[in-house]
Amino acid sequence: MPISPDRATLAAFPIDWGGLAPLRLKSRAIAEGVYAGMHRSIRKGAGVEFGGQRPYVPGDDLRFFDRRALLRHDRLMVREFETETDRALWLCVDATASMSYRGRRAPGAKLAYAALIAAAMARVALATGDPVGLAWLGGAGTHGLPAMAGREAFERIVGALEATSAAQDWSGDAGAIERALAPVAKKARRGAVVLLISDLLDLAHESGAESALSAFTPLSTGGRTLIALQVLDPSEAELDFEGNVRLRALEGGAVVEADAGAVRAQYQARLAALTDGWSRALASRGGRLLRATSAEPPTDVVRALVRAIAEVRR
């Protein structure tokens, strides 16, 4: 259950950046630390086929120079290739109300951490020539973006991430995630990587967990790769409160009063069951679930994501 001090749930929560801003500078530094000196796509494997030859023109990449054509026909030719898969990275960022939570040990809110990870992943993908798209789950002031590459793509993605506030309660709307992911299902083609960044908690109320899985996992059809990153605040991951506490869910309105020490084991068992269910479901589709807390070094998390994408694409 998303947890918070006992307070009224607001309609929208501006991003509590804490020490995670400025987003442009920090995400660039993370990306450079992860992928410094590397210039190939974060995806590996088949996906490019020989598409013929054409005359050489100054400036062509000499790696594709066709030496056989020169020897046989005394002509300078280069080999061309056709990409049969979409190399796009689709970022699906959870901005529902539970993502606004920030405990005492976190440098910023979960949404701020998710935005930093998303921006850094976009920077890595764009630097290697892969287009990046952006979709939202919940939120206020959100702007979805089509998959795009080039110099302006990063600035547009960062601008969209910075302009968002955490909002909306999806605890009672089983079809919300399916509607949110519909543009990705329509636009992401074979070979695309779909990365969901969420706490997964607001998707777990009542039938929400099954509905979320049933909406997300079908995106693997058509040769798409699914990766999910669960981002929790350290207090959520460990229930590190002491003594009698009164906790209110940021979504769903549930209020719990209990001795934190007495219910900690049961809470962590239920949390493990939730994440294990997602992990098994994604693995059965050839995908991967990764977990992180908003206090972990973001460079390590981005590096793990890049490695996971490379591994599932082999």
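Scroll up to find the structure.
Residues numbered from 1 in each chain as written. Predicted model: local features only at pLDDT ≥ 70, side-chain atom pairs only at ≥ 80, totals over all residues. Heavy atoms only, no water.

Some details on the environment of C92
Along the chain, C92 falls in strand β4 (residues 89-94). When the C-alpha positions of C92 and I197 are compared, they lie 6.2 Å apart, and in sequence the two are 105 residues distant. Apart from residues lying up to four places away in sequence, C92 is in contact with A135, L137, L181, V184, V194, L195, L196 and I197. (Helix = DSSP H or I, 4+ residues; strand = E, 2+ residues; numbered from the N terminus. Contact = heavy atoms within 4.5 Å.)

Observations regarding the pattern of salt bridges
Counted by the stated rule, this structure contains 14 salt bridges. Here K110 and E236 are joined by a salt bridge, their closest N and O atoms 2.9 Å apart. Of this pair, K110 sits in helix α3 (residues 110-127) while E236 sits in helix α7 (residues 234-238); the two residues are 126 residues apart in sequence, bridging distant segments of the chain. Comparing K110 with E236, the two get one shared label, buried. With a closest N to O distance of 2.9 Å, R246 and E257 form a salt bridge. Of the two residues, R246 is situated in strand β10 (residues 244-248) and E257 in strand β11 (residues 255-259); the sequence distance between them amounts to 11 residues. Relative accessible area serves as the criterion here: at 37%, R246 is assigned to the partly exposed category. Taking the relative accessible area as the measure of exposure, E257 reaches 59% and is therefore exposed. Connected via shared salt-bridge partners are R24, R28, E155 and E162. (Salt bridge = Lys/Arg side-chain N within 4 Å of Asp/Glu carboxyl O. Buried < 20%, exposed > 50% of the residue type's maximum accessible area, 1.4 Å probe, protein only.)

Points about the sheet that holds strand β9 (residues 225-232)
Reading across the sheet, the six strands line up as β6-β5-β4-β8-β9-β12 and stay open at both edges, with mixed pairing between neighbours. Strands with a single pairing partner mark the edges of an open sheet, and in this sheet they are β6 (145-148) and β12 (288-293). Strand-to-strand twist in this sheet, taken as the mean axis angle between neighbours without regard to direction, amounts to 20 degrees. The pairing of strand β5 (residues 132-137) with β6 spans two bridges and is antiparallel. Each residue of the ladder has a partner; that of V132, found in β6, is M148. Contacts from helix α8 (residues 260-284) reach β8 (193-198), β9 and β12, with the element oriented near 145 degrees to β12. (Pairing = 2+ DSSP bridges. Axes fitted to C-alpha atoms, helices over the stretch in contact; angles between N-to-C directions.)

Notes on the nonpolar core
Formed by 95 residues in total, the largest nonpolar core has its most connected members in M121, L161, F216 and W278. Considering every element that reaches this core, the biggest residue donor is α3, with 15 residues. Here M121 is in contact with L89, L91, L195, V302, L305, V306 and I309, once residues within four sequence places are set aside. (Core = buried A, V, L, I, M, F, W, Y, C linked by side-chain atoms within 4.5 Å.)

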